[in-house]
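Here are the chains, one letter per residue:
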Amino acid sequence: MDDKDNGNIDTINQALDNANSGKFHFRTFLTAGMGFFTDAYDLFIIGTVIAILPMVGWVITTTDAALISSISLIAAVIGALTFGRLLDYLGRKAVYGLELVLLVIGALGSAFLSFKSVDALIFWRLLLGIGIGGDYATSSVIMSEYSNIKSRGKYVGSILSMQSIGLVVSSLLALAFLLNTKIIPLADAWKILLAVGAVPAAVVIYYRRKMPEPPRYTVAKGHADEAAANLKSYTGIDVKMDKKKEQVNAPWYTLFTDRKFLITLIGTAGAWFLMDWAFYGNSIMSHDIFATIITQTGLAGLIKSTEYAALIFTVAALPGYWLATFTLDKIGRKTIQVIGFTMLAVSYMILAAFPVLDTPGYVVEFLVVYGMSYFFMMFGPNVTTFVYPPEVFPVTTRGLGTGISAAGAKTGAFIGTFVDAFIIVSGLSVLMSVLTVFSIAALIITVLCLPETKGRAMEEISREKEYTQTVQ
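One structure accompanies this document, and this report is about it. What you are looking at is a predicted structure, and each value in this text was computed from that prediction instead of being measured.

Right, let's talk about the environment of Glu-459 for a bit. Here Glu-459 shows up in helix α22 (residues 458–461). Judged by its relative accessible area of 14%, Glu-459 is buried. For Glu-459 and Ala-174, which are 285 residues apart along the polypeptide, the C-alpha to C-alpha distance reads 44 Å. Sequence-distant contacts of Glu-459, that is, excluding residues within four places in its chain, are made with Asn-13, Asp-17, Arg-216, Arg-398 and Glu-464.

Have a look at this one:
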C-alpha cells in the first residue's frame, strides 16, 4: 500500500480500515472471544451453584446469596478501570492476557474449596471478577484496533456474542448434572461446574500474550517503524513510513475536559449501566424468577427452572446476539440500541401487568414474553453497548473510556443482582416495573448522547486529528 503523503498515523489506520477480512481478524476474534465465553459461563453458573449449596449442607442466607451472586460484578468494576487505564499507560501488549490469569485462579479457587466458607467463596469470586472486568476493558479495544471499517461492528460484536455460547453451555451443563445426581453427587457437581469455567480461559492466555502491540496504538505513540513492522508480521499488510513523527496527545483527563467526550461517556456508561442491571439481575436471579411460575420445590424445582433458563437462552438469547452482530454494520449501532430498549420497555411493561403473575398457571404466556425481552436485550443494547466504547474515544484514552463504560455496566450488574434478590420478595411485578422505567431512561440516554458509528473510521468518530501533533 502506498503512502499517500498523509502522515504515518493515517497510513497505518487506513491500511487497517481498508483491509479485506483475513485470517488475522479471525485469529484476533477467537483469542478474544474465548475469554467472553468464559466470562458468561462463570457469571451465570453461580446462580445454579447457589441453589445447590443449601442442598449439600451450606448455610446460605439471603444476604449471602446476594453477595456470592454479585461480588464478581462489583470486582469487575475494579478490573475494568484498572486494566482500562493500564491499556493506555503501559500499552495493550503489556497487560493483555493477565486478566485471564486472574480469572483462572479465581475459578479454580472457587471450585476447590475444601470447607464450607461463604467468605472464602466470596474472596475467590471477587478475584475472578477482577479478571472478568479486565477482559471487558481489553478485548473490545484489541479487536476494534485490528478491524476494518466495513466489518468492525461484526468483529467486535462477535466477541460479546460468544457470551451466548457460554450462557447455553452453562445452563445445559448444569441441567446435565442435576439430572444425573446418582452418577455425580451434588456435593461434587457444584465444584465441577465452577472448575469448568477455568478451562477455555487457560487455553487462550498464551495466544493473548504472544500478540504484538496493535499498530494503531504504536503509531499514535510516535513509533511508526515499529507499528509498520507489527502490522506486517501480524496481518501481512506492508506499508511505507515517512520521516514525519506524529503523536496523538489525548491524555486520560480529555474524557472529562472535552465536553463532547464527556457527553459520549455518559451515554456509553449510562446506557450500559441500565442495560446490565436488567440483564444480570434477570439472568443470575433466573431461578428465583422462574420459581414464581412453577410449583415444584427442592431439586425438582431447580431442574425445572434450569430447563426454562436453557430454553430462554437457546431460543431467544442466542439468536438475538448473532442477529445483532451480523446486522450492526448494516442497520447501525444506534438504531439497534433504540429498537432494543424500546422493545425491552414494552416487554417489561407487559410482564409487570401480567395477570396473577406471582401464581402458577400462565407458564407459556410468561415464557413467550420473557423470551421476547431476552431476544431484544441481545438484538439490542447488550451487543451495542459493548461495541460503542472502543469506537468513540481517541486511541490514547480508548482503554480508559472503554474501562469506565464497562465499570458503569458492571456497577449496574452488581446493584441489579444484589438488589433484585430483595425486590423480588415484593413480587415479580415490582421488579418488572422498575426495569420498565430503566429501559425508558436508557432509551432517552441513547438518543441524546450517542452518535451513529456505522461506516465511519474510529479516528473520525473520536476526532483524533484534533489531538494529533507533529513532533521533532
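Continuing now.
Their axes nearest at 9 Å, the elements helix α2 (residues 23–52) and helix α9 (residues 198–210) cross at an angle of 155 degrees. Classified by the angle their axes make, α2 and α9 are roughly antiparallel. For the pair α2 and α9, the crossing hand works out as left-handed. Here Thr-31, Ala-32, Met-34, Gly-35, Phe-37 and Thr-38 of α2 come into contact with α9, specifically with Pro-200, Ala-201, Val-204, Tyr-207 and Arg-208. A class-by-class count of the residues in the contact of α2 with α9 yields seven nonpolar, three polar and one charged.

By the definition in use, this model includes 25 aromatic pairs. For the ring pair Tyr-146 and Tyr-234, a centre distance of 4.7 Å and an interplane angle of 40 degrees mean the geometry is tilted. Placement of Tyr-146 in helix α6 (residues 118–146) and of Tyr-234 in helix α11 (residues 224–235) is noted, with a sequence separation of 88 residues between them. This pair shows no difference in class: Tyr-146 is buried, exactly as Tyr-234 is. Ring geometry for Phe-366 against Tyr-370: centres 5.2 Å apart, planes inclined by 15 degrees, an arrangement best described as stacked. Of this pair, Phe-366 and Tyr-370 both sit in helix α18 (residues 363–387), four residues apart, which is roughly one turn of the helix. Given a relative accessible area of 1%, Tyr-370 falls into the buried group. Ring pairs connect the aromatic residues Phe-36, Tyr-136, Trp-272 and Phe-386, which therefore count as one cluster. Over the ring of Tyr-234 we find Arg-27; its NZ or CZ atom is 4.5 Å from the centre of that ring.

Residue position: Thr-327 is located in the loop between α15 (298–325) and α16 (328–331). Classification of Thr-327 by relative accessible area gives buried; the value is 14%. Filtering out sequence-adjacent residues up to four positions away, Thr-327 remains in contact with Gly-332, Ile-336 and Phe-379.

Turning our attention to a nonpolar patch on the surface. A cluster of nonpolar side chains, contributed by Trp-252, Tyr-253, Phe-256, Leu-262 and Ile-266, occupies part of the molecular surface with about 490 Å² of accessible area. Position of Leu-262 relative to the elements: it lies in helix α13 (residues 259–284). We classify Leu-262 as partly exposed; its relative accessible area is 31%.

What follows concerns helix α21 (residues 428–449). In this model, α21 (22 residues) spans 31 Å end to end at C-alpha, consistent with the 32 Å of a helix rising 1.5 Å per residue. Among all positions of α21, only Leu-428, Leu-431, Met-432, Leu-435, Thr-436, Ser-439, Ala-442, Ile-445, Thr-446 and Cys-449 are buried.

So, how was this worked out
- Residues numbered from 1 in each chain as written.
- Predicted model: local features only at pLDDT ≥ 70, side-chain atom pairs only at ≥ 80, totals over all residues.
- Heavy atoms only, no water.
- Helix = DSSP H or I, 4+ residues; strand = E, 2+ residues; numbered from the N terminus.
- Buried < 20%, exposed > 50% of the residue type's maximum accessible area, 1.4 Å probe, protein only.
- Contact = heavy atoms within 4.5 Å.
- Axes fitted to C-alpha atoms, helices over the stretch in contact; angles between N-to-C directions.
- Parallel < 35°, antiparallel > 145°, perpendicular 65-115°, else oblique.
- Left-handed = near helix turned anticlockwise from the far one by under 90°.
- Nonpolar A, V, L, I, M, F, W, Y, C, P; charged D, E, K, R; others polar.
- Phe/Tyr/Trp six-rings, centres within 6.5 Å; stacked < 30°, edge-to-face > 60°.
- Lys NZ or Arg CZ within 6 Å of the ring centre and 35° of its normal.
- Patch = residues over 30% accessible without salt bridge, like charges linked within 9 Å, V, L, I, M, F, W, Y side chains within 5 Å.
- Areas by Shrake-Rupley, 256 points an atom, 1.4 Å probe, with all protein chains shown as cover.
- Salt bridge = Lys/Arg side-chain N within 4 Å of Asp/Glu carboxyl O.
- Expected span 1.5 Å × (residues − 1).

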